Amino acid sequence: MKTIHLNHELSKNYTSEILAKPDFSTPNLVLPSMKKALYPGSEHFVSLNHWEETDPFLHHNIIVETVRMLADADGFITDQIFEDRHHHINLQFVSELSNLISSRHFIAGPSFSSVPPFLQSRLLDELVSHDVSGVMYDVRDIDPDDFNALQPLAKLKIHAKKRIALIPVVKDEAQKKALTRNIPFEVVCVAG
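Residues numbered from 1 in each chain as written. Predicted model: local features only at pLDDT ≥ 70, side-chain atom pairs only at ≥ 80, totals over all residues. Heavy atoms only, no water.

Points about the packing of aromatic side chains
- Across all of its chains, the model carries one aromatic pair by this definition.
- Here the aromatic rings of Phe 82 and Phe 112 are separated by 6.0 Å at their centres, their planes lie at 55 degrees, and the arrangement is tilted. In this pair, Phe 82 is assigned in strand S5 (residues 82-83) and Phe 112 in the loop between strand S7 (105-108) and helix H4 (117-129), connecting sequence segments 30 residues apart. Like Phe 82, the residue Phe 112 is buried in the burial classification. (Phe/Tyr/Trp six-rings, centres within 6.5 Å; stacked < 30°, edge-to-face > 60°. Helix = DSSP H or I, 4+ residues; strand = E, 2+ residues; numbered from the N terminus. Buried < 20%, exposed > 50% of the residue type's maximum accessible area, 1.4 Å probe, protein only.)

Below you can see the structure in the form of structure tokens.
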């Protein structure tokens, strides 16, 4: 099982990490290239969430330019592809990002867990059709032994099969161990 750590510190050396602030917003844009220079063998994903921009046109352009600036990133994560309180995906924007990101990883962020459970499978299929390589699912506030609360995640995992990586976001190593004891995952994100 692979563990990805959420990190915004230059001094920490993780094998695989998401460079982002604690709210999954975009990190200091100098950080990714410095991390790659300091730890060339590490895998670095960068969050593209620019929560402060409200204008949709400017927001999309900022994300596109951020991807273009970060040639050293191994992949990108964004929550800002969802519309209408997580009931829809902006498929035109996802398609544009997918083409721009190309062979690197494109991951839908942890707000995917806000998608109503009855829509999760359909939206997951839409993401798969646009070459999204992973979907994060926030379980930090869920008791890993509460099977009723974990049911939407378990159903989504069955639906995802091997087509796309389903990446639960946990708060610490203890929650990771408890969760993976109940439901096995290939990748888990520890976000603190």
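What about the pattern of salt bridges?
- Taken as a whole and assessed by the stated rule, the structure comprises 11 salt bridges.
- With a shortest N-O distance of 3.1 Å, Lys 36 and Asp 74 are connected by a salt bridge. Of the two residues, Lys 36 is situated in helix H1 (residues 31-38) and Asp 74 in the loop between helix H2 (56-69) and strand S4 (75-78); the sequence distance between them amounts to 38 residues.
- Where Lys 176 meets Glu 173, a salt bridge forms, and the shortest distance between an N and an O atom there is 3.2 Å. Remark: Glu 173 and Lys 176 occur in helix H6 (residues 173-182); sequence separation between them is three residues, near one turn of the helix. (Salt bridge = Lys/Arg side-chain N within 4 Å of Asp/Glu carboxyl O.)

Structural notes on the nonpolar core
- With 41 residues, the main nonpolar core has Phe 76, Ile 81, Leu 97, Phe 112, Leu 127, Val 135 and Leu 153 as its most contacted residues.
- When residues of this core are traced back to their parent elements, those giving at least two are H2, helix H3 (91-101), S7, H4, strand S8 (134-138), helix H5 (147-160), strand S9 (165-170) and strand S10 (187-190). (Core = buried A, V, L, I, M, F, W, Y, C linked by side-chain atoms within 4.5 Å.)

Description of the sheet that holds S4
- Judged by pairing direction, the barrel is parallel, and its eight strands sit side by side in the order S1-S2-S3-S4-S7-S8-S9-S10 before closing back on the first. Taken over all neighbouring pairs, the strand axes of this sheet differ in orientation by 25 degrees on average, direction set aside.
- With four bridges joining them, strand S2 (residues 16-19) and strand S3 (residues 43-47) adopt parallel strand pairing. Opposite Ile 18, over in S3, you have Phe 45 as the bridge partner. (Pairing = 2+ DSSP bridges. Axes fitted to C-alpha atoms, helices over the stretch in contact; angles between N-to-C directions.)

Concerning the side chain of Asn 7
- Following the sequence through the fold, Asn 7 ends up in strand S1 (residues 2-7).
- Exposure remark for Asn 7: the relative accessible area of 4% places this residue in the buried category.
- Look past the residues within four positions of Asn 7 in its chain and what remains in contact with it is Lys 12, Tyr 14, Glu 17, Ile 18, Leu 19, Ala 20 and Lys 35. (Contact = heavy atoms within 4.5 Å.)

Points about H4
- By the burial criterion, the buried members of H4 are Leu 119, Gln 120, Leu 123, Leu 124, Glu 126 and Leu 127. Along the axis of H4, the buried positions cluster into a sector of 160 degrees, meaning they face one direction only. Seen from the open side of H4, the exposed residues pointing more than 90 degrees away from its buried face are Phe 118 and Ser 129.
- Of the surrounding secondary structure, the elements contacted by the buried residues of H4 are strand S6 (88-89), H3, S7, S8 and H5.
- The first or second residue beyond H4 is Asp 131, which carries a positive phi of 60 degrees. (Arc of directions from axis to C-beta.)

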